[in-house]
Amino acid sequence: MIEDINRLSDVEICKKMAARLKELRLKQNISRRDVAASSGVSVSSLARMEDGEIKSFDSFLRLLRTLGKIDVLLPLVEEEEISPNEYFKLVQSAKTKQRKRASRSTNNRQQEEPEW
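Residues numbered from 1 in each chain as written. Predicted model: local features only at pLDDT ≥ 70, side-chain atom pairs only at ≥ 80, totals over all residues. Heavy atoms only, no water.

Novice: I keep staring at the packing of aromatic side chains and nothing clicks. Help me out?
Specialist: Geometrically, a pair of aromatic rings is defined through the distance of the ring centres and the angle of the planes. Per the stated rule, a full pass over the model turns up 1 aromatic pair. Centre to centre, the rings of Phe57 and Phe60 are 6.3 Å apart; their planes meet at 35 degrees, and the pair counts as tilted. On the criterion of helical spacing, the pair formed by Phe57 and Phe60 is a turn pair, its members being 3 residues apart in helix α4 (residues 57-66). (Phe/Tyr/Trp six-rings, centres within 6.5 Å; stacked < 30°, edge-to-face > 60°. Helix = DSSP H or I, 4+ residues; strand = E, 2+ residues; numbered from the N terminus.)

Below, the structure written as structure tokens:
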């Protein structure tokens, strides 16, 4: 089990992710050359990433996709669903914040005939 991720430094997190990438590749019995070719990442970049040096998020995403693990990022891209109560409150607050136009009142104006 992983310890509290908030206590890990960025370097430690990168090293753990790198180890996981390598583990995934080896479990699938894929060579670095094949993963690199499939993902469009150079073999040397892949080797550096597996050693914990993740410099390019784009390359990291391509590797996750190639290894079939892009779904680990799903919580970051999913939109949160709003509950019916929250939706009702949102709609009600939008209604109360709308500006109202002043009404034209003909009662206030006295229609007098000009005195000529």
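Further notes follow.
Novice: It is not clear to me how unusual backbone geometry should be interpreted in this structure. Could you clarify?
Specialist: Excluding glycine, residues mostly have negative phi values, and the peptide bonds linking residues are mostly trans. Here Asn29, not a glycine, exhibits a phi torsion of approximately 55 degrees, which is positive. For Asn29, the location among the structural elements is in the loop between α1 (10-27) and α2 (32-39). In this structure Asn29 comes out as exposed when scored by relative accessible area, which is 71%. (Buried < 20%, exposed > 50% of the residue type's maximum accessible area, 1.4 Å probe, protein only.)

Novice: What should I look at first to understand the nonpolar core in this one?
Specialist: A general feature of soluble globular proteins is that nonpolar side chains tend to end up buried together. In this structure, Leu21, Phe60 and Leu63 are the most contacted members of the largest nonpolar core, which totals 13 residues. Residue contacts for Leu63: discarding those within four places in its chain leaves Leu21, Val35, Ser39, Val41, Leu46 and Met49. (Core = buried A, V, L, I, M, F, W, Y, C linked by side-chain atoms within 4.5 Å. Contact = heavy atoms within 4.5 Å.)

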